[in-house]
Amino acid sequence: MPGITLPPFPDDIPTHPLLVVDFPLLKAGDIQQIDALWKAATELGFWYLKNHGADHEVDEMFKMGEETMGLPVNEKLKFEQGDDVQSFGYKAAGASATDEYGNPDNVEFINVAKDDALAYPSIVHRTYPSSVNACMDSTIRPFVRKSIEVNNTVLSVFEKKLGLPTGMLLDHHALRYPSGCEARVIKSPPFASDTAARQYVKEKVEVALGAHTDFGSLSFLHNRLGGLQVLPPGSDNWQYVRPLPGHALCNIGDALTLLSGGILRSNLHRVVPPPGAQAMYERWSLVFFTRPGNNVPLRMLKDASEMIKNAAERMTLEERHRFETNATAGEWLARRKKNRRIRNRIGPETWQESKGMEHKPQV
């Protein structure tokens, strides 16, 4: 990937526009940026973030990912995340289902736990390949810390806008709690041609390839190529999101939707082959997932916020039932991850058990 000139995202592909938030201004309390973030988070749940200050860390993480994916398969499989509740470690291509029919995914990735990165060389959750360990101090820990700074800034804005007590939402994500927070580098294979990629999407579109909402609170995503699609509320048409150089893509996950009583939107999205000439290149992505502490109950904070209380009172009985998960953040993550593993599949019901707060549950 380093040194390769990638083709641009095609100009003739329809895309869904996203609001742009300027991170330094947001951190400084700029009202326009706060309003833009709030609008994005409550309507689509996705936005661009510019001037986030993590470009160097992102580049180094991609290098680490490329070195790790280049290891022999048998070496990578020593660190496989497995079919139980463990999310951290290596995931081989084909290990997870993308739909209710059990069609396997085609991506491989490495997940590094926030807890392991910050505690290294101590081990909190698990061990990792040598290529990961070699970069833990120089690359992974700085990226994790920068991601936490960015996402905590966003959480603090949401905390105020929701009318929650100062520090409450941040405390749900405090570093002192073991959690499912992790950094992930993802590699997707290239296609022989744009025609082959479009045929692949056409064949899979009826089963909504990989359609999902994110498990946790916030995702801080970096793409080099297109492929990410969102399903706008009220629409049946998937739309590409154009990757912008120097801009991260950020989105809300299930945990914030649940805690906020649905005010913050966890929206359906999926990854398909990049459009046009981009389809013929490996697609690399990097994301940091911020998740609440494992023991944090995923329930509406309606006793601490008048806004959330009012949102709960407007819900139908069916809607309210969806928000009564009786689960902790750790249990929510474990259920969704475990039921996506191919070897755990029993039938379509396994896929259904892996779902989260999708606004179109039938997809």
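Residues numbered from 1 in each chain as written. Predicted model: local features only at pLDDT ≥ 70, side-chain atom pairs only at ≥ 80, totals over all residues. Heavy atoms only, no water.

**Remarks on the overall build of the chain**
Secondary structure summary: the chain contains 14 helices and 11 strands in total. A compact globule built from 363 residues would reach a C-alpha radius of gyration of about 21 Å, and the chain, at 19 Å, matches this within 12%. Based on the C-alpha atoms only, the size of the chain along its principal axes is roughly 55 × 45 × 45 Å. For the chain, with 363 residues in total, the buried portion stands at 57%. Considering only contacts in the chain between residues 6 or more positions apart, those separated by 24 or more positions represent 78%. Roughly 15600 Å² of accessible area belongs to the chain as shown, and the carbon and sulfur atoms make up 52% of that amount. With 42 positive and 44 negative side-chain charges, the chain shows a spacing of 1 Å between the two charge centroids. (Helix = DSSP H or I, 4+ residues; strand = E, 2+ residues; numbered from the N terminus. Rg over C-alpha atoms; globule rule 2.2 N^0.38 Å. Buried < 20%, exposed > 50% of the residue type's maximum accessible area, 1.4 Å probe, protein only. Contact = heavy atoms within 4.5 Å. Areas by Shrake-Rupley, 256 points an atom, 1.4 Å probe, with all protein chains shown as cover. Lys, Arg positive; Asp, Glu negative; His and termini not counted. Charge placed at Lys NZ, Arg CZ, Asp CG, Glu CD.)

**Notes on the environment of Pro8**
Considering the arrangement of structural elements, one finds Pro8 in the segment before β1 (20–22). Linking Pro8 and Arg242, residues 234 residues apart in sequence, is a C-alpha distance of 10.0 Å.

**Let's talk about the sheet that holds strand β10 (residues 269–271)**
Within a beta sheet, neighbouring strands are joined by backbone hydrogen bonds and run either parallel or antiparallel to one another. If you trace the 3 strands from one edge of the open sheet to the other, you get β8-β7-β10, paired in antiparallel fashion. The sheet is open, and its two edges are formed by β8 (239–240) and β10, each paired on a single side. In this structure, strand β7 (residues 228–230) lies alongside β10, joined through 3 bridges in antiparallel fashion. The residue bridging Val230 from the neighbouring strand is His269, located in β10. (Pairing = 2+ DSSP bridges.)

**Focus on the packing of helix α3 (residues 55–69) against helix α7 (residues 136–161)**
The contact between α3 and α7 brings their axes to 9 Å, and the two run at 130 degrees. One finds that α3 runs oblique with respect to α7. For α3 against α7, the interelement crossing comes out left-handed. Judged by residue contacts, Glu57, Val58, Glu60, Met61 and Met64 of α3 engage Thr139, Ile140, Pro142 and Phe143 from α7. Counted by class, the contact of α3 with α7 contains 6 nonpolar, 1 polar and 2 charged residues. (Axes fitted to C-alpha atoms, helices over the stretch in contact; angles between N-to-C directions. Parallel < 35°, antiparallel > 145°, perpendicular 65-115°, else oblique. Left-handed = near helix turned anticlockwise from the far one by under 90°. Nonpolar A, V, L, I, M, F, W, Y, C, P; charged D, E, K, R; others polar.)

**Description of the environment of His16**
The topology assignment puts His16 in the segment before β1. In this structure the C-alpha to C-alpha distance between His16 and Val73, which are 57 residues apart in sequence, comes to 37 Å. Discounting residues that sit within four places of it in the chain, His16 has contacts with Leu44, Val230, Pro232, Gln239 and Tyr240. At 2.8 Å, the side chain of His16 and the side chain of Gln239 are in polar contact. (Polar contact = N/O pair within 3.5 Å; in protein donor to acceptor, adjacent residues only side chain to side chain.)

**Considering the pattern of salt bridges**
For side chains of opposite charge, pairing can occur when their charged atoms come near one another. By the definition in use, this model includes 21 salt bridges. Two residues, Glu80 and Arg341, come together in a salt bridge whose shortest N-O distance is 2.9 Å. Of the two residues, Glu80 is situated in the loop between α4 (73–77) and β3 (89–91) and Arg341 in the loop between α13 (329–338) and α14 (348–353); the sequence distance between them amounts to 261 residues. Judged by relative accessible area, Arg341 falls into the buried class, the value being 2%. With a closest N to O distance of 2.6 Å, Arg343 and Asp83 form a salt bridge. In this pair, Arg343 is assigned in the loop between α13 and α14 and Asp83 in the loop between α4 and β3, connecting sequence segments 260 residues apart. Salt bridges here are not isolated pairs; linked through shared partners, they connect Glu80, Asp83, Arg341 and Arg343. (Salt bridge = Lys/Arg side-chain N within 4 Å of Asp/Glu carboxyl O.)

**Things to note about a nonpolar patch on the surface**
On the surface, Ile4, Met280 and Tyr281 cluster together into a nonpolar patch covering about 260 Å² of accessible area. Here Tyr281 lies in the loop between β10 and β11 (283–290). (Patch = residues over 30% accessible without salt bridge, like charges linked within 9 Å, V, L, I, M, F, W, Y side chains within 5 Å.)

**Details of the pairing of strand β6 (residues 218–223)**
Looking along a regular strand, one sees the side chains alternate between the two faces of the sheet. Most of β6 sits out of view: 6 of its 6 residues are buried. On β6, burial covers both faces: Leu218, Phe220 and His222 on one face and Ser219, Leu221 and Asn223 on the other are all buried. In this structure, β6 lies alongside β11, joined through 6 bridges in antiparallel fashion. Looking at the pairing, Leu218 lines up with Thr290 of β11.

**Focus: the sheet that holds strand β9 (residues 247–252)**
Spatially, 8 strands are ordered β1-β2-β9-β6-β11-β5-β4-β3 in an open sheet, and the strand pairing comes out mixed. Strands with a single pairing partner mark the edges of an open sheet, and in this sheet they are β1 and β3. Averaged over all neighbouring strand pairs, the angle between strand axes comes to 25 degrees, with direction disregarded. Here β1 runs beside strand β2 (residues 46–50); their pairing, made up of 3 bridges, is parallel. Opposite Asp22, over in β2, you have Lys50 as the bridge partner. Lying on the sheet, helix α2 (residues 31–43) is in contact with β1, β2 and β9; it crosses β1 at an angle near 140 degrees. On top of the sheet, α3 reaches β3, β4 (108–113), β5 (182–188), β6 and β11; it is set at about 115 degrees to β11, its chief contact.

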